[in-house]
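Summary of structural features
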Amino acid sequence: MDDNKDNANPVILNASDLPTRHGESLLKKADDPIGIYLGGLLSATQPIDDPFDEALSASESESDRDFDEEIDAQEIYDLIAPISDPEHPLSLGSLAVVNLPDIHISRPSSARSRISTVVIDITPTITHCSLATVIGLGVRVRLEQALPPRFRIDVRIKEGTHSTGDAVTKQLGDKERVAAALENNTLRGVIRRMLSTCE
Amino acid sequence: MNSDSEVPTLEPIASFQPSLNTRAWMTAPHPKLPILATASADKTVKIFSLTTFRQLSSITGGHKRSIRSCAWKPGTRNESVLATGSFDASAGIWRHDDHPGSNEAHNEESKNDRSEDEDDDWRFAVILDGHESEIKSVAWSAGGQFLATCSRDKSVWIWEEMEDDNFETVAVLQEHDGDIKYVRWHPEEDLLASAGYDDTIRLYREDVDDWICVSTIDAHQATVWSLDFEPPKNPSLIDSVGPDAARQKDLQELEKSGPRLASCSDDLTIRIWRRTPKGGAEDKPLRDRIPSIIRTNNVDEEWLEDACLPKRHERAIYSVAWSPKSGLIASTGSDGKIVVYQEFWRDSHDQDEVRSEGPPTETSREWKVVAEVENAHDIFEVNHVCWTVRADRGRSNEGEEVLISTGDDGEVKMWSIQRGT
């Protein structure tokens, strides 16, 4: 069985070496990210009766901003580190596919803009990993589901870590390709299994 | 026209109801009737009224996956014909009888009556199979004779309707090296443009009895998402040309080129392309031309960059639309902005400045941003923008143009360009 895997003997990090947040209240939050984020997700997608009602949008944007400030790289890491590798019974965190220093968040570029960007550089376990696209897709889907839609998510293959990194990055950045891929039931099943360890 | 005294703003007029509540990909205004067709990830096309801002019908049952694109056949009589392109790799042709005044009657019907009729309204007439993977865009030629479809399978297909509901494949064009995002026909000629994931734009026309690629544009640095042609006899330049001889000459040259082409890309640029007038290849002595072995006559075209619009977008630009009425260009994309650009004749004063700095600029024209809206669809990405003529009671005049935007939030919105005084 193991012979069929791209990388049969990956390096595995010790669970105690994985980055966590020290400090109790914040840890608690990270333990149950779904509960926290679901609130934000629902309020953000709830249909607004009159989207041009200024009072409504102003008050909403204010609460969004408060919420926005609570999200940092560690929390993004906590959302994606438990994702299972598609071929190993191990998490992307323990395989060092996702790493805390490779997560970057940029705040809205202007006072009027409300769009934040999360950039995640992933490191495939080996340079010819054929599953890099699926792993990247899993990370993108996980964050699209967990983060409010105000976040634009850019999942990239870390430079120099994959033989076709640029091509995979381009594919992962193409919303139309991602949308079409997610209508494929087989792929959806794979991603569902990868994300089943997140909840 | 002076930009300082007349700064237009973009005002939201209406959201079409009900919201789709799921990703809406694009909206096509009917060529004659005051209705819109919106293609959606929920495998349906919604028809909205431009007079009441409400949904008139939902076209369902034809496609197994997202409908990515739709296009109204131009020039039909007593019926409306809609082509749809889906991620299920098929294209559909839908027909609807337009009885005189039927749209008005439609509006007045009660909701209950309408839902009963709904399924009968639109007939799924033909399914066009052939593509191997998702269809990304569909487009009718100006005369309605040809339908072009493009797909992730790297091919553009041209279909011709021989008689009612009998479509024949007249060409399969495999010039692109990747997913093809968009197809668009020239407004006056049977010239087709396609663009895509390989960062290029390609143009095709029929030569004797074969469709061939006549030009390739490869200046973009990332996926080219969308294209639009300039309207013939663009009023924005003609109306303001004035007596200046240099401008008049430039305008004459532009007329020789014919409608220009606008493209938008993931490289965050919108570029304008202009065909080099042929000057008649036949006029040149034969020895100066590269002899063609295969082709009987030279149909190759040269499209050169005419302008790059001011950079305003921070993320992928998904859609660009050139207004047929005013010559304004609108763009939108992942950053949720809608930006409107206008082309101006350069003031002779400006021209002097440019000249003093370096070599004279090639054109006496320049593009400026004249209106901009952020968060046009709240915090969501905006997938598409297009122009149409306003039809509701609030319109200020018969031909008032409006913008229609379509977003990931499932909203379809109408925007008015307000010109202050």
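Quick caveat: nothing in here was measured; it's all calculated off a predicted structure.

Section: the overall build of chain B
Along its length, chain B carries five helices and 28 strands. Put simply, chain B has 421 residues, and 58% of those count as buried. Contacts in chain B between residues far apart in sequence, at least 24 positions, make up 61% of those at least 6 positions apart. Split by element, the accessible area of chain B, about 18200 Å² in all, is 44% carbon and sulfur.

Remarks on the sheet that holds strand E24 (residues 338-345) of chain B
All names here are of chain B. Taking strand neighbours across the sheet as the criterion, the four strands line up as E22-E23-E24-E25 in an open arrangement whose pairing is antiparallel. Two strands lie at the open edges of the sheet, namely strand E22 (317-322) and strand E25 (365-373), each paired on one side alone. On average, each strand axis in the sheet is inclined to that of its neighbour by 25°, with strand direction left out of account. Summarising the sheet, strand E23 (residues 329-333) and E24 pair through four bridges and their orientation is antiparallel. Bridging across to E24, Thr332 finds its partner in Ile338.

With respect to the pattern of salt bridges
The final tally for this structure, using the stated rule, is 47 salt bridges over all chains. For Lys136(B), the salt bridge goes to Glu176(A), with nearest N and O atoms at 3.1 Å. Highlighted residues: Lys136(B) in strand E10 (residues 135-140) and Glu176(A) in helix H7 (residues 175-181), drawn from two different chains. Residues Lys136(B) and Glu176(A) agree in their burial class; the two are buried. Across the pair Glu79(B) and Arg95(B) runs a salt bridge, and its minimum N-O distance is 2.9 Å. On the criterion of sequence distance, the pair formed by Glu79(B) in strand E7 (residues 79-86) and Arg95(B) in strand E8 (residues 91-97) is long-range, its members being 16 residues apart. When its relative accessible area of 6% is taken as the criterion, Arg95(B) is described as buried.

Quick notes on the packing of aromatic side chains
The final tally for this structure, using the stated rule, is 13 aromatic pairs over all chains. Ring geometry for Phe16(B) against Phe53(B): centres 5.5 Å apart, planes inclined by 80°, an arrangement best described as edge-to-face. Placement of the pair is Phe16(B) in the loop between strand E1 (8-15) and strand E2 (24-29) and Phe53(B) in the loop between strand E4 (45-49) and strand E5 (55-59), with a sequence separation of 37 residues. Judged by centre distance (6.3 Å) and plane angle (70°), the ring pair of Phe229(B) and Trp303(B) falls under edge-to-face. With Phe229(B) in strand E18 (residues 224-229) and Trp303(B) in strand E21 (residues 303-308), the pair connects residues that are 74 residues apart, well separated along the chain. As far as the burial class goes, Phe229(B) and Trp303(B) line up, both buried. Grouped by ring-pair contacts, the aromatic residues Phe16(B), Phe48(B) and Phe53(B) constitute a single cluster. The residue whose ring lies beneath Arg177(A) is Tyr197(B), and the NZ or CZ to ring-centre distance is 4.4 Å.

Some remarks on the interface of chain A and chain B
Taken together, the contacts link 29 residues of chain A with 33 residues of chain B. Between chain A and chain B, a total of about 2800 Å² is buried, with carbon and sulfur atoms accounting for 47% of that surface. Counting across the chain A and chain B interface gives twelve salt bridges. Of the charged contacts, one joins Arg68(B) and Glu176(A) as a salt bridge, the two residues approaching to 2.4 Å between their closest N and O atoms. In this structure, the connection of chain A to chain B is made through 18 residue pairs in polar contact (both at pLDDT 80 or more). Sorting the residues of the side of chain A that touches chain B by element identifies helix H2 (33-45), strand E3 (151-157), helix H6 (165-172) and H7 of chain A as the ones contributing at least two each. The dominant element in the side of chain A that touches chain B, judged by the number of residues it contributes, is H7(A), at five residues. Residues of the side of chain A that touches chain B, tallied by class, amount to ten nonpolar, seven polar and twelve charged.

A closer look at the packing of helix H5 (residues 132-146) of chain A against helix H8 (residues 185-195) of chain A
Two packed helices can be described by the angle between their axes and the distance between those axes. Residue and element names in this part refer to chain A. Relative to each other, H5 and H8 sit at 70°, their axes nearing to 10 Å. When the interaxial angle is binned, H5 and H8 end up roughly perpendicular. As for how H5 packs across H8, the hand of that crossing is right-handed. Note on element contacts: H8 touches H5 through Leu187, Val190, Ile191, Met194 and Leu195, opposite Val134, Ile135, Leu137, Gly138, Val141, Arg142 and Gln145.

Overview of H6(A)
All names here are of chain A. All of the buried residues in H6 are Gly165, Val168, Thr169 and Leu172. One face of H6 carries all of its buried residues, which in axial projection span an arc of 100°. If you follow the buried residues of H6, they end up packed against H5, E3 and H7.

Some details on the UniProt feature "domain: MIP18 family-like" (unreviewed entry) in chain A
When the UniProt feature table is mapped onto this chain, "domain: MIP18 family-like" (unreviewed entry) is found at residues 74-149 of chain A. Structurally, residues 74-149 of chain A is divided into 29% helix and 14% strand, and its ends, taken at the C-alpha atoms, are 19 Å apart.

Regarding the packing of H5(A) against H6(A)
Residue and element names in this part refer to chain A. At a minimum axis separation of 10 Å, H5 and H6 run at an interaxial angle of 35°. By crossing handedness, the relation of H5 to H6 is classed as right-handed. Across the interface between the two elements, Ala132, Thr133, Gly136, Leu137 and Arg140 of H5 pack against Val168, Gln171 and Leu172 of H6. Grouping the constituent residues of the contact of H5 with H6 by class yields four nonpolar, three polar and one charged.

Details of the side chain of His186(B)
In this structure, His186(B) sits in the loop between strand E14 (180-185) and strand E15 (192-196). Within the structure, His186(B) has its side chain in polar contact with the backbone nitrogen of Glu189(B) (distance 3.0 Å).

What counts, and at which threshold
All residue numbers refer to position in the chain's written sequence, counted from 1. Working convention: letters from A go to chains and numbers from 1 go to ligands, in the order in which they are written. Per-residue local features are limited, in this predicted model, to residues with pLDDT of at least 70; the limit for side-chain atom pairs, both in listing and counting, is 80 or more; totals at the level of whole chains, interfaces and linings are taken over all residues. With hydrogens and water set aside, each side-chain value is computed from the structure's full complement of heavy atoms. Elements are defined by DSSP. Helices are runs of H or I of four residues or more, strands are runs of E of two residues or more, and each kind is numbered from the N terminus. Note on classification: 1.4 Å probe, protein chains only; a residue is buried when its accessible area is under 20% of the maximum for its type, exposed when over 50%, partly exposed between these limits. In what follows, a contact means two residues having at least one pair of non-hydrogen atoms within 4.5 Å. Accessible areas in this description were obtained via Shrake-Rupley with a 1.4 Å probe; residue shielding takes into account the shown protein chains only. Two strands form a pair only when DSSP identifies at least two bridges running between them. Only the stretch in contact is used when a helix axis is fitted, and all axes are lines through C-alpha atoms; the angle between N-to-C directions ranges over 0 to 180 degrees. What counts as a salt bridge is simple: a side-chain nitrogen of Lys or Arg found within 4 Å of a carboxyl oxygen of Asp or Glu. Under the pairing criterion, centres of Phe, Tyr and Trp rings, with the six-membered ring standing for Trp, must be within 6.5 Å; the plane angle then separates stacked pairs below 30 degrees from edge-to-face pairs above 60, leaving the rest tilted. Charges are assigned to positions over rings by a cutoff of 6 Å between ring centre and Lys NZ or Arg CZ, combined with an angular limit of 35 degrees from the ring normal. Summed over both partners, the accessible area lost on bringing two parts together, with a 1.4 Å probe, is the buried area. For this analysis, a polar contact is any N or O atom pair within 3.5 Å, provided that within protein one partner can donate a hydrogen and the other can accept it, and provided that sequence-adjacent residues contribute only side-chain to side-chain pairs. As a working rule, the residues Ala, Val, Leu, Ile, Met, Phe, Trp, Tyr, Cys and Pro are called nonpolar, Asp, Glu, Lys and Arg charged, and the rest polar, with Gly in that last group. Should an angle lie under 35 degrees it is considered roughly parallel, over 145 roughly antiparallel, and from 65 to 115 roughly perpendicular; all remaining angles are considered oblique. Take the far helix as your reference; a near helix turned counterclockwise from it by less than a right angle gives a left-handed crossing, and one turned clockwise gives a right-handed crossing. Note that the arc is defined by the directions from the helix axis to the C-beta atoms. UniProt positions are given in the numbering used here, feature names are shortened, and annotations may be inferred rather than shown by experiment.

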